[in-house]
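# Topology and contacts: notes
If you want the building blocks of each chain, they are given just below.
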Amino acid sequence: MDDLYREQIIDHYKNPRMRGTLEPHDYSYSDDNPVCGDHLRIDLRVDETGRITEAAFDGEGCAISQASADLLVESVVGKTLEEVKQLSKDDVLELLGIELGPVRLKCALLSLKVLKAGVYGLEELEEELV
Amino acid sequence: MKPTTTVLDVARIRESFPILQREVSPGVPLVYLDSAATSQRPVQVMQAIDEFYRKHNANIHRGVHRLAEEATEAYEAARGRIADFIGAASPREIVFVRNTTEAINLVARTWGEVNLGAGDVVLLTEMEHHSNLVPWQMLAAKLGFRLEFVPVDEQGLLDMDAYKELLGHGPKLVGFTHMSNVTGTINPAAEMTAMAHAAGAVVLVDGAQSVPHMPVDVQQIDADFLAFSGHKMLGPTGVGALYGRQELLEAMPPFLGGGDMIKRVSLEGFSTNEVPYKFEAGTPAIAEAVGLGAAVDFLSEIGMAAVHAHEQVMIAYALERLEEVPGLRVFGPAPELKGAVASFTFPGAHPHDIAQILDSVGVAVRAGHHCAMPLHQKFNIPATTRASFYIYNRIDEVDRLIEGLYKVREYFG
């Protein structure tokens, strides 16, 4: 318990570094966790080499989902889209530094889901347009 | 002020619920405050199911052998006890279903299909559980009738003036929950059905929360349909009941087709069985129905007026203590207008986190929208944390909840 709500999680929940929206953006995606009504949006700006220069998240949810979003979004700045596609569940858990049961895992991974859906979704759309 | 007792001998009742003796983690006893989602089951219900399988198990109806006779008798006896429990005029007015959701879908897909069409109005309320909302939305999309909603005020009470006005639109059906699963609001069912009948509407009452927690008499409230689930009233999962006035049930087309719901079948067609069998296609949840019968016996022995009186003491004390917690906001009316359900928000803490921290001290509550998203939208909140009480909850368990909330405050305050 004390583990789950360790200082880092509470700090990123209460004082998020990356909260906001980017207008204009190169990538943006939103999704919900229907179980608890959490909502998350992630915006990215990307340079011509495909490297993320700016990132932001917005939404509402529990401490786990919001802290995970803040940590994840913070970690992708400077990464390429290709690198983002390689991110896994374990990378998010490593950022959070906690162990999670199956229910709370969904909270933690909403940010990864939104991030990846944004990156993949738009690229697929671009391919269709070519 | 902290009450010392309620009308119930809770210590004795708890002896029938072995699950309440368990610990959530070593040294942390369970405080189960999630009965509005599903209740626990007493050993009497488990024994009834066990005994049915050990001694009487067979398929029901049409069997000539001894076991089939006994199984049929047990199943029909349970129907009779449920009919008595809610004051139905006859057991034929009780249709066994899986749960409240199925009961409401049954009404929508049978009564609704033949009685509703383009230009008609179905009047619901803003406080409905999704189970009394989505079936009507689905049917409205198919048949083209209009849905209207009685508004809920800030206290979580229905706007009765608006109800009166909306009845002026001539709804064919009025559907409302007897007790909100979020605010605990007890709606004035008898008054509402009388007004609806005067306006010419058929009335469906969602009794999922009321039937387990207070005296409900279908003839007194004059409901045309009443839907409820077994698992919220000490019974097993997978069985519930739809009460329907006999003449309405008789005029309705069947629901699912198959065995048991027919009188005669040829390759070209079929004729339907009489009520309630017309609505019970296929082998039903026989042992579960028997278990529900035992649950009804258990509740009847305590008396539903006593159940309600106990819960009134519990909720009044719970609300009093919840109000002490700085910043905490409880949704719903004064305790005398509601059942033993307290949904609340806490500034800076998400319901999921609240529930998680409460779990760490053994307190089981629910977090989320409680299948009532429109009501949460009305209150302009995404989710709440809900504590709900039943016959086996002790007064000091309210204190455990409050202690847990102070722990939440340490983290998130």
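These numbers were taken from a predicted model, which means no experiment stands behind them.

## Considerations on the domain arrangement of chain B
Residue and element names in this part refer to chain B.
- Domain parsing of chain B yields domain 1 (10-41 + 303-412) and domain 2 (46-301).
- Contacts between the two partners involve 38 residues from domain 1, matched on the other side by 40 residues from domain 2.
- By the criterion of area lost to domain 2, the three top residues of domain 1 are Arg41, Met304 and Leu375, representing 21% of everything that side buries.
- At the boundary of domain 1 and domain 2, one finds 1 salt bridge.
- When the shortest N-O distance is used, the salt bridge between Glu126 and Lys378 registers 3.0 Å.
- At the boundary of domain 1 with domain 2, the tally comes to 23 residue pairs in polar contact (both at pLDDT 80 or more).
- Put simply, the parts of the chain that give the side of domain 1 that touches domain 2 at least two residues each are helix H11 (304-324), strand S14 (341-345) and helix H13 (373-378).

## Overview of the pairing of S14 of chain B
All names here are of chain B.
- Most of S14 is tucked away, with 5 of its 5 residues classed as buried.
- Residue alternation in S14 divides its side chains into two sets, Val341, Ser343 and Thr345 and Ala342 and Phe344, and both sets are buried.
- Here 3 bridges tie strand S13 (residues 329-331) to S14, and the two strands are oriented antiparallel to one another. From the neighbouring strand, Arg329 faces S14, where its bridge partner is Thr345.
- Note that S14 and strand S17 (residues 384-388) share 4 bridges and pair antiparallel. Following the sheet pairing, Phe344 is matched in S17 by Thr385.

## Some remarks on the packing of aromatic side chains
- Across all of its chains, the model carries 9 aromatic pairs over all chains by this definition.
- Summarising the aromatic geometry, the rings of Tyr5 of chain A and Phe412 of chain B are spaced 5.5 Å apart at their centres and angled 80° between planes, so their arrangement reads as edge-to-face. In this pair, Tyr5 of chain A is assigned in the segment before helix H1 (7-14) and Phe412 of chain B in helix H14 (residues 395-412), connecting two distinct chains.
- Classification of Tyr5 of chain A as buried rests on a relative accessible area of 3%.
- Exposure remark for Phe412 of chain B: the relative accessible area of 3% places this residue in the buried category.
- With 5.6 Å between their ring centres and 75° between their planes, Tyr390 of chain B and Tyr392 of chain B make a pair best called edge-to-face.

## As for the pattern of salt bridges
Residue and element names in this part refer to chain B.
- In total, this model carries 30 salt bridges over all chains according to the counting rule given.
- Residues Arg54 and Asp50 are paired through a salt bridge, measuring 2.5 Å at the closest nitrogen-oxygen approach. With Arg54 and Asp50 both in helix H2 (residues 43-56), this residue pair falls 4 residues apart, about one helical turn.
- The residue Arg245 makes a salt bridge to Glu247 at a minimum N-O spacing of 2.7 Å.
- Among the residues examined, Arg245 registers a relative accessible area of 25% and is labelled partly exposed.

## Some points on helix H12 (residues 351-360) of chain B
Residues and elements named next belong to chain B.
- For H12, a buried count of 8 out of 10 residues is recorded, marking the element as mostly surrounded by other parts of the structure.
- Listed in full, the buried residues belonging to H12 are Pro351, His352, Asp353, Ile354, Ala355, Gln356, Ile357 and Leu358.
- Looking one or two places after H12, you find Gly362, whose phi comes out positive at around 90°.

## Remarks on the environment of Gly293 of chain B
All names here are of chain B.
- Considering the arrangement of structural elements, one finds Gly293 in helix H10 (residues 286-302).
- Expressed as a C-alpha distance, the spacing of Gly293 and Ser266, which sit 27 residues apart in the sequence, is 36 Å.
- Ignoring anything within four residues of it in the chain, the contact list for Gly293 reads Ala78 and Arg81.

## Observations regarding the sheet that holds strand S1 (residues 27-33) of chain A
All names here are of chain A.
- Strand order in the open sheet formed by 3 strands is S1-S2-S3, with antiparallel pairing between adjacent strands. Both outer strands of the open sheet, S1 and strand S3 (52-60), are each paired with one neighbouring strand and no more. Within the sheet, the average angular offset between the axes of one strand and its neighbour, ignoring direction, is 15°.
- Of the strand pairs in this sheet, S1 and strand S2 (residues 38-46) are connected by 7 bridges, and their pairing is antiparallel. The partner of Tyr29 across the bridge, within S2, is Ile42.
- Helix-sheet contacts for helix H2 (residues 63-76) involve S2 and S3, and the interaxial angle to S3 is about 170°.

What counts, and where the lines are drawn
- The residue count restarts for each chain, going from 1 along the sequence in the order it is written.
- Just so you know, chain letters begin at A and ligand numbers begin at 1, following the order they were written in.
- Where local features are concerned, this predicted model is filtered to residues with pLDDT of at least 70; where side-chain atom pairs are given and counted, the filter is 80 or more; whole-chain, interface and lining totals use all residues.
- Only hydrogens and water are set aside; all other atoms, that is, all heavy atoms of the structure, feed into the side-chain values.
- Where each domain starts and ends comes from a domain assignment, either automatic or drawn from a database.
- In this analysis, two residues are considered to be in contact whenever any of their non-hydrogen atoms come within 4.5 Å of each other.
- Note on terms: buried area is the combined drop in 1.4 Å-probe accessible area of two parts once they are placed together, counting the loss on both.
- We count a salt bridge whenever a side-chain nitrogen from Lys or Arg sits within 4 Å of a carboxyl oxygen from Asp or Glu.
- Think of a polar contact as two N or O atoms within 3.5 Å of one another; within protein, one of them needs to be a possible hydrogen donor and the other a possible acceptor, and neighboring residues in sequence only count if both atoms come from side chains.
- The numbering of helices and of strands both runs from the N terminus, where a helix is a DSSP run of H or I of at least 4 residues and a strand a run of E of at least 2.
- The classification of residues rests on relative accessible area computed with a 1.4 Å probe and restricted to protein chains. Under 20% of the type maximum is buried, over 50% is exposed, and intermediate values are partly exposed.
- For two strands to count as paired, DSSP must find a minimum of two bridges between them.
- Note on ring pairs: Phe, Tyr and Trp rings are taken, using the six-membered ring of Trp, and paired if centres are within 6.5 Å. Classes follow the plane angle, with under 30 degrees stacked, over 60 edge-to-face and the rest tilted.
- Here an axis means a line fitted to C-alpha atoms, over the contact stretch when the element is a helix, while the angle between two N-to-C directions is reported on a 0 to 180 degree scale.

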